[in-house]
Amino acid sequence: MMRGDERGKTFRRPGRRRRERRHGEHVGDAAVGRMTAELIGRSHLMRPAGVAAEIARAARPLGVSGVQVYLADLEQRRLSPLAAADGRTPDVLLIDSTLAGRAYQTVTVQSGRADGTHQLWIPLVDGTERLGVLGLAVTDVSESMMARYRTLASLAGMLVAGKSNHSDTYAQVQRTMEMALQAELVWAFLPPRTFATDRVLVTATLEPAYEAGGDAFDYSLAGNRLHISIFDALGHDLASGLLASVGLASCRSTRRAGGSLASIKARADHAIARQFGNDRFVTALLCDLDLASGLLSWIPCGHPAPLLIRGNRTVKELVRPQQPPLGLGALDDGQDKAGFPDLSGALEQTEKLEPGDRLLLYTDGVTEGRAADGTPFGAERLADFIIRHSSTGLPAPEMMRRLNRAILEYQHGRLRDDATAILVEWRPDRTARSLTP
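Residues numbered from 1 in each chain as written. Predicted model: local features only at pLDDT ≥ 70, side-chain atom pairs only at ≥ 80, totals over all residues. Heavy atoms only, no water.

### Section: the packing of aromatic side chains
Here comes step 1: One pass over the structure, following the stated rule, counts 3 aromatic pairs.
Here comes step 2: Geometrically, the ring pair formed by Tyr70 and Trp121 is edge-to-face, given 5.7 Å between the ring centres and 70 degrees between the ring planes. Note that Tyr70 is positioned in strand E1 (residues 66-72) and Trp121 in strand E5 (residues 117-126), a separation of 51 residues in sequence.
Here comes step 3: Residue classification places Tyr70 among the buried positions, given a relative accessible area of 5%.
Here comes step 4: Here Trp121 falls in the buried class, since its relative accessible area comes to 13%.
Here comes step 5: A centroid spacing of 5.2 Å and a plane angle of 90 degrees characterise the contact between Phe377 and Tyr410, whose relative ring orientation is edge-to-face. Here Phe377 is found in the loop between helix H9 (364-367) and helix H10 (379-390), whereas its partner Tyr410 is found in helix H11 (residues 396-410), with 33 residues between them in sequence.
Here comes step 6: The class of Phe377 is buried, set by a relative accessible area of 5%.
Here comes step 7: Residue Tyr410 is classed as buried on the basis of its relative accessible area, which comes to 16%.
Here comes step 8: When the ring centre of Phe377 is taken as reference, the NZ or CZ atom of Arg381 above it lies at 5.7 Å. (Phe/Tyr/Trp six-rings, centres within 6.5 Å; stacked < 30°, edge-to-face > 60°. Helix = DSSP H or I, 4+ residues; strand = E, 2+ residues; numbered from the N terminus. Buried < 20%, exposed > 50% of the residue type's maximum accessible area, 1.4 Å probe, protein only. Lys NZ or Arg CZ within 6 Å of the ring centre and 35° of its normal.)

Next comes the structure, spelled out in structure tokens:
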């Protein structure tokens, strides 16, 4: 007998197709759970060269018939494959002219079809740092299965990132030529080129990838304080790489001890002057951004002023009184001081940012690079490039990759100086949607 509150209602058992679909989804979710547990469990003793094979093995219960891991090279021109599970090595894929490259550029899943099988290309990311793409051969491209394939790609990205510091396997795949000693030194110090949270985005570029020597960049997030720094050491040789590395190491050492921007400058001044004397120096921007308030604080040390871009319309060059380059501020009549210099001269500059504001830090190798007729690239052209490409909806890391190409093409493929740029966006819009697949 029906209760009073049930009168007039019609009760239907779930249809057969619906029950089968739900059952299939439960089975698929269980397979993903087993796959995740298996990969994580095996990851501790997994060989870096065996990652592709392990992913292929774990993906079979999902109906995946083919797996291939591709990593982007240092110049972000091509996608080079790791050895496949069957031991073969597929062809290199160009980033600018393939579906796999489009997946890398746009951080979106791309799909093609051949012989009744779907070929998926899913971006490989470590957090928001683009590593390459994962190629999957599948037959089921339903919404629920696509979510599972993306989970597989996330696991693959974490495995590649976690194993990269313990082997040269990935570095060899990512390189197309031998690296200069100073570039090897600098790259070993650099953080990933892209980092983001829901409150801030940081993405950087550095060229020439294999010959860089004097430029370096750094960033670190601690609570609501984001530190960003960019360095440009005098010269373009091994000594320049050492100079930049000392500046970066001084910055990190002081920052991790709780030091202020003024203390960071003082430590770097002292370390560079004591080690290299008064004939070598490093220009720098030392910056802190309060992610809660948007207050930007920085000390300019003989370096080009940051560019502030607001709403794809306003460009403001943050010109402020300069401090001496690092290594010169610690000198007194040409002699090293016994301790840190007086901090009163290292005055912090400030600027209040608005949500969505973008800050562009760069070295003079970007703006002073010249075309064949001698015309410099210039800060105006740099800002215009960022504004125009921002309106296209491209992910910020892809915009910086294309800036790299533009700088190189402007100088006919041969840079006369290191060219480094960092883009920082406070409270960006749609970060997760544009930086994760």
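### Here's the deal with the sheet that holds strand E3 (residues 93-94)
One key point about sheets: their strands pair by backbone hydrogen bonds, in either a parallel or an antiparallel sense.
Here comes step 1: With respect to topology, 6 strands assemble into an open sheet ordered E3-E2-E1-E6-E5-E4, the strand pairing being antiparallel. Of all strands in the sheet, those bounded by a partner on one side alone are E3 and strand E4 (110-114).
Here comes step 2: Sheet analysis places E1 next to strand E6 (residues 129-138), joined by 6 bridges and oriented antiparallel. When the sheet's bridge partners are listed, Tyr70 is paired in E6 with Val133. (Pairing = 2+ DSSP bridges.)

Honestly, that's just the spatial picture; any functional story needs more than this.
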